[in-house]
Every structure is written in C-alpha cells, then in structure tokens.
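Descriptive analysis of the structure
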Amino acid sequence: MGHSRREELWVGQCRMPGFPLTRLRRLRYHPAIRRMIQATHLDPRRWILPLFIHAKGDEKKPIKSMPGHFQLPLSGLRAEIKEIMQLGLGGVLLFGIPAHKDAMGCDALRDSGIICQAIKAIKDVAPDLLVITDECFCEYTDHGHCGVLGRAGNQDTVDNDKTLRMLAWQAVAHARAGADMVAPSGMMDGMVQAIRSALDEAGFTHLPIMSYSAKYSSAFYGPFREAAESAPRFGDRRSYQMDPAAAAEQALREVELDVAEGADIIMVKPALAYLDIIRMVKDNFPGLPLAAYNVSGEYSMVQAAAEKGWLDPRRIALEMLTAIHRAGADIVITYWAKDAAHWLDSSDL
Ligand code: PBG
C-alpha cells in the first residue's frame, strides 16, 4: 500500500520499495562498504600464464604483436619461473616452437622435443609449480594445421582419428616428462577419451585433463599464431573449431561429450566475446571447474591502444578479468597473469 507502480520494483523474490526509500548509491558511498559487498575477487592463484618456449638457440625473442611477451629459450626459463613462483600464480601453460617442423609434427612426440625439455627444466627449478601442456600439433606441423592431414569431401583438412593416436602419444610423452595436467586444444572429436585411455594405460590415472571444450574459430588468435609460428599455410580451422554463429547450445553439447569422455576441467575460448557461453556453461554444469582463455587478441588490442595512450591497460585488464570471473570462470588463462598480480598489490587502482 502507498507505493505507486512506478515506485515499486521486483528484485528476485522480494518487493523492493522504489525511490526515495531505496537509494542504491548508499551502497557505493563508503569504499569499505563497496569492498565488503564485492562478489568477484581477483586472485592470482586462479590465473594461468601461457609461456612460449623455442628450440632455436639462447635468445629471448620479443613477440612483436604481444608487447611484453617473448619466445623464451630453455636457458631463459629459470628466471621466468622464479618470478612466477614469487607471484603465486596458479600455473603455466606451455607452448613449444620446435627447431624443425614436419608434416606429422613429430617433435611434439619426442622425449627430446622442446616441450619435454621445457617441462624438465621447469621442474628442476620449481617442482611444485603446476605445469600444464597444450596438446595440439599446429606449432609442430609444416602446414600449420592442428593434426595429421587427410581429406573430407573435396577439401584437405585434419584427419580426426589419425590425430587422436598422435594426441594420445603426445600426452603420454608430456606426462612422462613431468607435466601435471594436459590440455587438448585441437577440437578433435574424441580427443579427451583418446588421451584419458592412453594416460591410464601408461599409469597416469591421477593426471587431470583440462579440455578446450568450446573453442571457437576466432580471429582473436591472430597474435598467438605469430607467437607460436602456427598460422595454417592454407585454408583455416573452420572445419574443426566452432562457428561463432552456431547455436550457443552447441557449446553445451561439446562440454557434455568432453565430460562423458573424462574431462576434469572444461574451457571456453576465447573469453571476452564469449561471456554468454561462459555463463551458460557454468549454469548448466555448476559443479564442474570452468576455465576461460583470455586469448592473445584480447591482450594485444589493449596493449596497442595503451601504446597510443588511449586507455589505462592496468584498469582495463583488471576489469576484463573481473568480467570473465563474474561470467562464471573459475580459472582464467591470461597473458596479464604476472602484470595483474603486480597491479593487484598497488593501491592506486
Ligand atoms: C592451438 C592453440 C591456439 C591457441 C591456444 N592453443 C591457436 C589456434 O587455435 O589457432 C590460441 C591462444 C591465443 O590466441 O592466445 N595449439
């Protein structure tokens, strides 16, 4: 009684009186109150830093399209890993750039390959740091596609089932070298099952799989392909990565299949243009740990605008990370992991 329709609002299940009785600015008046009612908390322990490691000498090579990031030589890992340990990040995700590429991507399978060597080098310095490896072949093949080539209809594309055998082999090689978790990213059907059974047979029943379950065919991967030297030589990845315009619910089918095959953590990628997918997956699989990949293009466009002085990259990055977590991601893979951990400590933000 007493309230006109205009002054009454329904919020959830309760009737909230309107203005002037309710003034939401009261909750924003005092900084301590604002902090007290925050629901999204940024925490470096939930962030994973991607690292690029090359096998071509001892140089630390800047990645032009990703200012602040480098292709690291094996000899440069020690200093990098010490810094990561000090910052308390959740872990690292490794990408290798081999000295030689071939049609099958054999370097990815060898114990002497760049990633197996990198895992051992990292474990030497920091046995407790969570080391995750990307399971895919685009950095290792001379054609730049994510697996062994074959034909489908009248086009050259990746042969799904031959690639599964390669993925199984790759994951076991990484596990033997000391990886703590593997992350298949090639969007092959059955990749989680192939890796799970190979790991189990090899005695790695304890090793979790973080699957790139809903990975879209995205232009936001552009800078990564310079960083990892992995751009396809012909065609694109649309015959295996998801179509951004597909029904959003297709992501749920991908996740459901990966979970049935034994995925422990699932991922949506990219993050920022796919916050709706992150939220939908979280709502539909509330108990399943969800990661989101804040990809290279999302990083580079902010850094480029920052170089022009158009925006404050620190506040933008923290706001983006907040949005990705708020959308439902438990874990974020981000090129800002180190910087953001530093910025969280500074009081001026
Ligand atoms: C595939 C892979 C890619 C990324 C992560 N894993 C590239 C691709 O699918 O083309 C992209 C990550 C990024 O853009 O930061 N190995």
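Residues numbered from 1 in each chain as written. Predicted model: local features only at pLDDT ≥ 70, side-chain atom pairs only at ≥ 80, totals over all residues. Heavy atoms only, no water.

For the ligand, the set of nearby residues contains 19 residues, the closest of which are Lys215, Arg225, Lys269, Ser296 and Tyr335. Between the ligand and Asp134, the relevant distance is 3.1 Å, taken from a nitrogen atom to a side-chain nitrogen or oxygen of the residue. One nitrogen or oxygen atom from the side chain of Ser185 is found 3.4 Å from a nitrogen atom belonging to the ligand. Here the ligand, which alone exposes 410 Å², has 100% of that area covered by the protein. Applying the majority rule of atoms within 2 Å of the grid points places the ligand in the largest cavity. At the level of secondary structure, the elements contributing two or more residues to the shell around the ligand comprise strand S11 (210-215) and helix H6 (222-227). Of the residues in the shell around the ligand, the class split is ten nonpolar, three polar and six charged. (Near = heavy atom within 4 Å. Polar contact = N/O pair within 3.5 Å; in protein donor to acceptor, adjacent residues only side chain to side chain. Areas by Shrake-Rupley, 256 points an atom, 1.4 Å probe, with all protein chains shown as cover. 1 Å grid on protein atoms, 1.4 Å probe; cavity = no way out; pocket = protein on both sides within 12 Å on 5 of 7 lines; lining within 4 Å. Sits in = over half its atoms within 2 Å of the grid points. Helix = DSSP H or I, 4+ residues; strand = E, 2+ residues; numbered from the N terminus. Nonpolar A, V, L, I, M, F, W, Y, C, P; charged D, E, K, R; others polar.)

In this section: the state of the cysteines. A covalent bond between the sulfur atoms of two cysteines is what we call a disulfide. Here the structure, examined in full by the defined rule, presents zero disulfides. Lacking any disulfide linkage, Cys106 is separated from the closest cysteine sulfur, that of Cys116, by 13 Å. Judged by its relative accessible area of 1%, Cys116 is buried. (Disulfide = S-S within 2.5 Å. Buried < 20%, exposed > 50% of the residue type's maximum accessible area, 1.4 Å probe, protein only.)

Below, the discussion takes up empty space enclosed by the protein. Enumeration according to the criterion identifies one cavity of 30 Å³ or more in this entry. One number sums up the size of the largest cavity: a volume of about 160 Å³. Forming the walls of the largest cavity are 20 residues, and the residues nearest its centre are Cys138, Lys215, Tyr221, Phe224 and Lys269. Taken together, the residues of the lining of the largest cavity sort by class into ten nonpolar, four polar and six charged. (Points joined across faces, edges and corners; volume = space filled by probe spheres on them.)

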